[in-house]
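Here are the chains, one letter per residue:
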Amino acid sequence: MQQLTAKTYQWQGLTCHYWLTGAGGKTPLLFIHPVGVGLSGLFWDRCVDHWQRLAQSYLFYIPDLLGCGQSSLPHLAYYPEDWAAQLQFLIESEIAQGVVLVVQGAVLPVALELVRLAPQKVKALILSGPPTGSLISQNTGALWQRLRWRLFDSPLGWAFYQYARQERFLRRFSVKQLFAKPQAVDRQWLEMLTQGAANLETRHAVYSFLAGFWRRDYRPILQTVAQPVLVVMGDQASSISRQGTAESPQERLAFYTELLPNAAGVIIPGRNVLPYESTAAFVDVCQQFLIAHSL
(Lines give C-alpha, C1' and ligand atoms only; values in the text may rest on other atoms or scores of the structure.)
Protein backbone atom coordinates (compact mmCIF):
# COMPACT_ATOMS: atom_id res chain seq x y z
CA MET A 1 0.00 0.00 0.00
CA GLN A 2 1.17 3.52 -0.76
CA GLN A 3 1.89 5.59 2.30
CA LEU A 4 -1.04 7.38 3.90
CA THR A 5 -0.52 11.12 4.20
CA ALA A 6 -2.18 12.81 7.18
CA LYS A 7 -3.77 16.15 6.30
CA THR A 8 -6.03 18.66 8.03
CA TYR A 9 -8.24 21.60 7.17
CA GLN A 10 -10.13 24.14 9.26
CA TRP A 11 -13.90 24.33 9.17
CA GLN A 12 -15.94 26.62 11.45
CA GLY A 13 -12.97 26.93 13.81
CA LEU A 14 -12.54 23.16 14.09
CA THR A 15 -9.74 20.94 12.85
CA CYS A 16 -10.85 18.25 10.44
CA HIS A 17 -8.43 15.40 9.82
CA TYR A 18 -8.23 13.09 6.83
CA TRP A 19 -5.90 10.57 5.24
CA LEU A 20 -4.91 10.80 1.59
CA THR A 21 -3.33 8.08 -0.49
CA GLY A 22 -3.21 6.85 -4.08
CA ALA A 23 -2.67 8.49 -7.44
CA GLY A 24 -4.98 10.57 -9.60
CA GLY A 25 -6.58 9.71 -12.92
CA LYS A 26 -10.04 8.48 -12.09
CA THR A 27 -12.81 9.92 -9.96
CA PRO A 28 -11.57 10.22 -6.35
CA LEU A 29 -13.13 8.01 -3.71
CA LEU A 30 -14.37 9.60 -0.48
CA PHE A 31 -14.96 7.15 2.38
CA ILE A 32 -17.46 7.82 5.17
CA HIS A 33 -16.75 5.70 8.23
CA PRO A 34 -19.37 4.36 10.65
CA VAL A 35 -19.92 6.02 14.02
CA GLY A 36 -19.42 3.83 17.06
CA VAL A 37 -17.11 3.15 19.99
CA GLY A 38 -13.54 3.58 18.76
CA LEU A 39 -14.44 3.99 15.09
CA SER A 40 -12.83 6.50 12.76
CA GLY A 41 -11.42 6.65 9.24
CA LEU A 42 -9.07 3.81 10.22
CA PHE A 43 -12.07 1.52 9.67
CA TRP A 44 -11.22 1.67 5.96
CA ASP A 45 -7.51 0.76 6.18
CA ARG A 46 -7.90 -2.89 5.19
CA CYS A 47 -10.30 -2.05 2.36
CA VAL A 48 -8.15 0.75 0.91
CA ASP A 49 -5.02 -1.38 1.19
CA HIS A 50 -6.61 -4.14 -0.88
CA TRP A 51 -8.14 -1.68 -3.33
CA GLN A 52 -4.79 -0.07 -4.02
CA ARG A 53 -3.24 -3.42 -4.84
CA LEU A 54 -5.76 -3.76 -7.68
CA ALA A 55 -5.94 -0.21 -9.00
CA GLN A 56 -3.35 2.53 -8.84
CA SER A 57 -5.29 5.35 -10.51
CA TYR A 58 -7.60 6.38 -7.68
CA LEU A 59 -7.12 9.00 -5.01
CA PHE A 60 -8.52 7.80 -1.69
CA TYR A 61 -9.78 10.43 0.76
CA ILE A 62 -10.48 8.99 4.22
CA PRO A 63 -11.73 11.62 6.69
CA ASP A 64 -12.37 11.39 10.41
CA LEU A 65 -15.81 12.79 11.09
CA LEU A 66 -15.89 15.48 13.76
CA GLY A 67 -15.99 13.88 17.19
CA CYS A 68 -14.02 10.89 15.90
CA GLY A 69 -10.39 9.92 15.39
CA GLN A 70 -7.97 12.81 15.00
CA SER A 71 -10.53 15.47 14.10
CA SER A 72 -11.64 17.96 16.75
CA LEU A 73 -13.76 16.42 19.49
CA PRO A 74 -16.08 19.20 20.67
CA HIS A 75 -18.79 18.43 23.21
CA LEU A 76 -21.68 18.65 20.75
CA ALA A 77 -24.79 16.81 19.65
CA TYR A 78 -23.91 15.83 16.08
CA TYR A 79 -26.55 15.69 13.36
CA PRO A 80 -26.12 14.21 9.85
CA GLU A 81 -26.23 17.75 8.44
CA ASP A 82 -23.18 18.71 10.55
CA TRP A 83 -21.04 15.88 9.23
CA ALA A 84 -22.32 16.44 5.69
CA ALA A 85 -21.32 20.11 5.84
CA GLN A 86 -17.87 19.09 7.10
CA LEU A 87 -17.46 16.77 4.11
CA GLN A 88 -18.87 19.31 1.66
CA PHE A 89 -16.13 21.72 2.69
CA LEU A 90 -13.54 18.94 2.26
CA ILE A 91 -14.73 18.34 -1.29
CA GLU A 92 -14.83 22.00 -2.22
CA SER A 93 -11.63 23.16 -0.52
CA GLU A 94 -9.32 20.14 -0.68
CA ILE A 95 -10.51 17.72 -3.37
CA ALA A 96 -11.85 20.33 -5.81
CA GLN A 97 -13.63 17.83 -8.04
CA GLY A 98 -16.47 15.34 -7.98
CA VAL A 99 -16.20 12.18 -5.89
CA VAL A 100 -17.64 8.72 -5.44
CA LEU A 101 -18.96 8.28 -1.90
CA VAL A 102 -18.25 4.95 -0.22
CA VAL A 103 -20.51 4.75 2.83
CA GLN A 104 -20.66 2.24 5.66
CA GLY A 105 -23.86 1.27 7.43
CA ALA A 106 -26.04 3.73 9.31
CA VAL A 107 -24.09 6.85 8.29
CA LEU A 108 -26.13 6.68 5.08
CA PRO A 109 -28.07 9.82 6.19
CA VAL A 110 -24.78 11.74 6.19
CA ALA A 111 -24.25 10.77 2.56
CA LEU A 112 -27.82 11.70 1.66
CA GLU A 113 -27.44 15.11 3.29
CA LEU A 114 -24.17 15.57 1.38
CA VAL A 115 -25.92 14.73 -1.90
CA ARG A 116 -28.57 17.31 -1.02
CA LEU A 117 -25.93 19.97 -0.24
CA ALA A 118 -23.64 19.32 -3.21
CA PRO A 119 -25.41 17.21 -5.86
CA GLN A 120 -22.98 18.16 -8.60
CA LYS A 121 -20.00 17.04 -6.55
CA VAL A 122 -21.25 13.50 -5.91
CA LYS A 123 -20.83 11.35 -9.02
CA ALA A 124 -21.95 8.02 -7.53
CA LEU A 125 -22.54 6.24 -4.22
CA ILE A 126 -21.54 2.84 -2.89
CA LEU A 127 -23.56 1.79 0.14
CA SER A 128 -22.12 -0.97 2.31
CA GLY A 129 -24.75 -2.62 4.51
CA PRO A 130 -27.15 0.33 4.80
CA PRO A 131 -29.62 0.25 7.72
CA THR A 132 -32.92 -1.56 7.66
CA GLY A 133 -35.77 0.16 5.89
CA SER A 134 -37.68 0.69 9.13
CA LEU A 135 -34.85 2.72 10.63
CA ILE A 136 -34.89 5.35 7.89
CA SER A 137 -38.61 5.29 7.13
CA GLN A 138 -39.91 6.77 10.37
CA ASN A 139 -39.51 10.20 11.89
CA THR A 140 -38.29 9.91 15.46
CA GLY A 141 -39.55 12.83 17.53
CA ALA A 142 -37.02 15.58 18.18
CA LEU A 143 -38.05 15.72 21.83
CA TRP A 144 -37.39 12.00 22.26
CA GLN A 145 -33.99 12.39 20.57
CA ARG A 146 -33.04 15.22 22.90
CA LEU A 147 -34.16 13.26 25.95
CA ARG A 148 -32.01 10.34 24.87
CA TRP A 149 -29.08 12.68 24.27
CA ARG A 150 -29.39 14.16 27.76
CA LEU A 151 -29.51 10.67 29.24
CA PHE A 152 -26.32 9.65 27.47
CA ASP A 153 -24.66 13.01 28.11
CA SER A 154 -24.76 12.42 31.85
CA PRO A 155 -22.74 10.51 34.47
CA LEU A 156 -24.74 7.43 33.51
CA GLY A 157 -23.65 7.76 29.89
CA TRP A 158 -20.07 8.38 30.95
CA ALA A 159 -20.13 5.13 32.94
CA PHE A 160 -21.63 3.31 29.95
CA TYR A 161 -18.85 4.53 27.68
CA GLN A 162 -16.21 3.43 30.18
CA TYR A 163 -17.72 -0.04 30.04
CA ALA A 164 -18.33 -0.09 26.27
CA ARG A 165 -14.72 0.71 25.41
CA GLN A 166 -13.38 -2.36 27.24
CA GLU A 167 -12.00 -5.03 24.93
CA ARG A 168 -14.23 -7.72 26.39
CA PHE A 169 -17.37 -5.76 25.53
CA LEU A 170 -16.07 -4.79 22.10
CA ARG A 171 -15.30 -8.41 21.24
CA ARG A 172 -18.68 -9.65 22.43
CA PHE A 173 -20.58 -6.91 20.59
CA SER A 174 -18.60 -7.49 17.39
CA VAL A 175 -19.27 -11.23 17.44
CA LYS A 176 -22.96 -10.78 18.24
CA GLN A 177 -23.81 -7.86 15.97
CA LEU A 178 -21.19 -7.18 13.32
CA PHE A 179 -19.30 -10.20 11.99
CA ALA A 180 -20.58 -13.39 10.36
CA LYS A 181 -17.66 -15.43 11.69
CA PRO A 182 -16.39 -14.98 15.27
CA GLN A 183 -12.81 -15.70 14.19
CA ALA A 184 -12.94 -12.65 11.93
CA VAL A 185 -12.97 -10.46 15.05
CA ASP A 186 -9.19 -10.25 15.03
CA ARG A 187 -6.53 -8.45 17.03
CA GLN A 188 -6.26 -5.65 14.46
CA TRP A 189 -9.99 -4.89 14.79
CA LEU A 190 -10.00 -4.89 18.59
CA GLU A 191 -6.86 -2.78 18.88
CA MET A 192 -8.30 -0.24 16.44
CA LEU A 193 -11.42 0.11 18.58
CA THR A 194 -9.71 0.22 21.98
CA GLN A 195 -7.15 2.76 20.81
CA GLY A 196 -9.83 4.81 19.06
CA ALA A 197 -11.90 4.97 22.25
CA ALA A 198 -8.95 5.82 24.51
CA ASN A 199 -9.89 9.50 24.39
CA LEU A 200 -13.15 9.83 26.32
CA GLU A 201 -14.09 12.92 24.29
CA THR A 202 -14.96 10.58 21.41
CA ARG A 203 -18.05 9.57 23.37
CA HIS A 204 -20.13 12.54 22.18
CA ALA A 205 -20.27 11.35 18.58
CA VAL A 206 -21.33 7.91 19.82
CA TYR A 207 -23.99 9.45 22.05
CA SER A 208 -25.30 11.40 19.04
CA PHE A 209 -25.64 8.20 17.07
CA LEU A 210 -27.33 6.34 19.92
CA ALA A 211 -29.68 9.27 20.55
CA GLY A 212 -30.99 8.72 17.03
CA PHE A 213 -30.40 12.14 15.50
CA TRP A 214 -30.06 10.30 12.17
CA ARG A 215 -33.44 8.55 12.58
CA ARG A 216 -35.83 10.21 10.11
CA ASP A 217 -37.93 9.32 7.10
CA TYR A 218 -35.36 9.52 4.32
CA ARG A 219 -37.51 7.87 1.66
CA PRO A 220 -38.35 11.18 -0.09
CA ILE A 221 -34.62 12.01 -0.39
CA LEU A 222 -33.74 8.48 -1.55
CA GLN A 223 -36.24 8.84 -4.36
CA THR A 224 -34.48 11.98 -5.64
CA VAL A 225 -30.93 10.58 -5.77
CA ALA A 226 -30.15 10.67 -9.50
CA GLN A 227 -26.58 9.39 -9.24
CA PRO A 228 -25.69 5.74 -9.88
CA VAL A 229 -25.81 3.78 -6.62
CA LEU A 230 -24.45 0.36 -5.72
CA VAL A 231 -25.99 -1.28 -2.66
CA VAL A 232 -23.84 -4.07 -1.20
CA MET A 233 -25.49 -6.34 1.36
CA GLY A 234 -24.07 -9.21 3.39
CA ASP A 235 -25.79 -12.58 3.06
CA GLN A 236 -26.06 -12.65 6.86
CA ALA A 237 -26.93 -8.97 7.31
CA SER A 238 -28.69 -8.19 10.57
CA SER A 239 -29.80 -5.12 12.45
CA ILE A 240 -28.89 -3.83 15.91
CA SER A 241 -32.50 -2.64 16.14
CA ARG A 242 -35.22 -5.03 17.20
CA GLN A 243 -37.39 -3.44 14.53
CA GLY A 244 -35.29 -4.99 11.81
CA THR A 245 -34.79 -8.53 13.07
CA ALA A 246 -37.34 -10.07 10.69
CA GLU A 247 -35.99 -8.40 7.55
CA SER A 248 -33.95 -10.64 5.24
CA PRO A 249 -30.92 -9.33 3.30
CA GLN A 250 -32.93 -9.74 0.10
CA GLU A 251 -35.79 -7.65 1.49
CA ARG A 252 -33.46 -4.89 2.63
CA LEU A 253 -31.73 -4.85 -0.72
CA ALA A 254 -35.09 -4.59 -2.48
CA PHE A 255 -36.10 -1.69 -0.24
CA TYR A 256 -33.18 0.39 -1.52
CA THR A 257 -33.11 -0.69 -5.14
CA GLU A 258 -36.82 0.01 -5.49
CA LEU A 259 -36.60 3.48 -3.92
CA LEU A 260 -33.39 4.68 -5.53
CA PRO A 261 -33.97 5.62 -9.20
CA ASN A 262 -30.60 4.42 -10.49
CA ALA A 263 -29.49 1.63 -8.15
CA ALA A 264 -28.04 -1.84 -8.51
CA GLY A 265 -27.78 -4.32 -5.67
CA VAL A 266 -25.56 -7.26 -4.87
CA ILE A 267 -25.26 -9.69 -1.99
CA ILE A 268 -21.85 -10.97 -0.93
CA PRO A 269 -20.70 -13.19 1.96
CA GLY A 270 -20.55 -11.45 5.33
CA ARG A 271 -22.67 -9.61 7.82
CA ASN A 272 -22.56 -5.92 8.74
CA VAL A 273 -18.96 -4.72 8.26
CA LEU A 274 -18.31 -5.97 4.74
CA PRO A 275 -15.30 -3.73 3.87
CA TYR A 276 -13.47 -5.24 6.85
CA GLU A 277 -14.80 -8.80 7.04
CA SER A 278 -15.24 -9.52 3.31
CA THR A 279 -12.68 -7.12 1.88
CA ALA A 280 -11.82 -8.87 -1.38
CA ALA A 281 -15.45 -9.54 -2.33
CA PHE A 282 -16.47 -5.98 -1.40
CA VAL A 283 -13.72 -4.33 -3.42
CA ASP A 284 -14.39 -6.62 -6.38
CA VAL A 285 -18.06 -5.62 -6.72
CA CYS A 286 -17.15 -1.96 -6.20
CA GLN A 287 -14.54 -2.15 -8.96
CA GLN A 288 -17.06 -3.70 -11.34
CA PHE A 289 -19.54 -0.92 -10.56
CA LEU A 290 -16.99 1.85 -11.12
CA ILE A 291 -15.81 0.34 -14.41
CA ALA A 292 -19.40 -0.08 -15.63
CA HIS A 293 -20.02 3.64 -15.02
CA SER A 294 -16.63 4.82 -16.32
CA LEU A 295 -15.67 6.29 -12.95
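Our subject is the structure listed above.
Let us look at the structure shown here. Along each chain, numbering runs from 1 in the same order as the chain's sequence is written. Under the rules for a predicted model, residues below a pLDDT of 70 receive no local features and side-chain atom pairs below 80 are neither given nor counted, while totals for whole chains, interfaces and linings still include all residues. Side-chain descriptors were evaluated using all non-hydrogen atoms of the structure, hydrogens and water having been removed beforehand.

### A look at the state of the cysteines
The criterion for a disulfide is a pair of cysteine sulfur atoms lying within 2.5 Å. Scanning the entire structure with this criterion turns up 0 disulfides. As a non-bridged cysteine, Cys16 has Cys68 as the owner of its nearest cysteine sulfur, 11 Å distant. Burial classes follow relative accessibility: with a 1.4 Å probe on protein chains only, a residue under 20% of its type's maximum area counts as buried, one over 50% as exposed, and anything between as partly exposed. The buried category is assigned to Cys16, whose relative accessible area is 0%. Cys47 provides the cysteine sulfur closest to Cys286, a residue in no disulfide bond, and the two sulfurs are 6.6 Å apart. On the basis of relative accessibility, which here comes to 0%, the residue Cys286 falls in the buried class.

### Let's talk about the pairing of strand E1 (residues 5-11)
A pair of strands counts as paired when DSSP detects no fewer than two bridges linking them. For the purposes of this entry, the term helix denotes a DSSP run of H or I that reaches at least four residues, the term strand denotes a run of E that reaches at least two, and both are numbered from the N terminus. Strand direction decides the pairing type here: E1 and strand E2 (residues 14-22), joined by 7 bridges, are antiparallel. Bridge pairing links Thr8 to His17 in E2. Hairpin connection of E1 to E2: 2 residues between the antiparallel strands, including Gln12 at a positive phi of 50°.

### Details of the sheet that holds strand E3 (residues 29-32)
The 8 strands lie next to each other as E1-E2-E4-E3-E5-E6-E7-E8, forming an open sheet whose pairing is mixed. Among the strands making up the open sheet, the edge pair consists of E1 and strand E8 (263-268). Pairs of neighbouring strands in the sheet enclose a mean axial angle of 20°, with direction left out of account. Any two residues having at least one pair of non-hydrogen atoms within 4.5 Å are treated as being in contact. Only the stretch in contact is used when a helix axis is fitted, and all axes are lines through C-alpha atoms; the angle between N-to-C directions ranges over 0 to 180 degrees. The sheet contacts of helix H1 (residues 45-54) involve E2, E3, strand E4 (59-63) and strand E6 (122-128), and relative to E4 the element is tilted by about 175°. Strands in contact with helix H10 (residues 249-259) are strand E7 (229-234) and E8; relative to E8, the strand with the most contacts, it is inclined by about 165°.

### What about the side chain of Gln287?
Examined against the element boundaries, Gln287 turns out to sit in helix H12 (residues 279-292). Residue classification places Gln287 among the buried residues on the basis of a relative accessible area of 13%.

### A few points about the pattern of salt bridges
We define a salt bridge as a side-chain nitrogen of Lys or Arg found within 4 Å of a carboxyl oxygen belonging to Asp or Glu. Scanning the model with the defined rule gives 10 salt bridges in all. One salt bridge connects Arg171 with Glu167, and the closest N-O pair in it is separated by 3.6 Å. Highlighted residues: Arg171 and Glu167, both in helix H6 (residues 167-178), separated by 4 residues, approximately one helical turn. One salt bridge connects Glu247 with Arg252, and the closest N-O pair in it is separated by 3.0 Å. Among the ionic contacts, a cluster of salt bridges with common partners joins Glu81, Glu113, Arg116 and Arg216.

### What about the packing of H1 against H12?
Here H1 crosses H12 at 55°, and the two axes come no closer than 10 Å. With respect to each other, H1 and H12 are oriented oblique. Between H1 and H12 the crossing geometry is right-handed. Each of Arg46, Cys47, His50, Trp51 and Leu54 in H1 lies in contact with H12, whose residues at this interface are Thr279, Ala280, Phe282, Val283, Cys286, Gln287 and Leu290. Gly counts as polar in this scheme, as do all residues outside two lists: the nonpolar Ala, Val, Leu, Ile, Met, Phe, Trp, Tyr, Cys and Pro, and the charged Asp, Glu, Lys and Arg. Looking at the contact of H1 with H12 residue by residue, the classes come out as 8 nonpolar, 3 polar and 1 charged. An angle counts as roughly parallel when it lies under 35 degrees, as roughly antiparallel when it exceeds 145, as roughly perpendicular when it falls between 65 and 115, and as oblique in every other case. For a crossing to be left-handed, the near helix must be turned anticlockwise from the far one by less than a right angle; the clockwise case is right-handed.

### Some thoughts on the packing of aromatic side chains
For this analysis, a ring pair means two rings from Phe, Tyr or Trp (six-membered ring only for Trp) whose centres lie within 6.5 Å, classed as stacked if their planes differ by under 30 degrees, edge-to-face if by over 60, and tilted for the remaining angles. Inspection of the entire model under this criterion finds 24 aromatic pairs. Ring centres of Phe31 and Phe60 lie 6.0 Å apart, and the angle between their planes is 20°; this geometry places the pair in the stacked category. Of this pair, Phe31 sits in strand E3 while Phe60 is found in strand E4, placing the two residues 29 residues apart along the sequence. The two residues Phe31 and Phe60 agree in class, both being buried. With a centroid separation of 6.2 Å and an interplanar angle of 45°, the aromatic rings of Trp149 and Phe213 are classed as tilted. Residue Trp149 is located in helix H4 (residues 142-152), and its partner Phe213 is located in the loop between helix H8 (203-211) and helix H9 (219-222); the two are separated by 64 residues in the primary sequence.

Keep in mind these values describe shape, not function.
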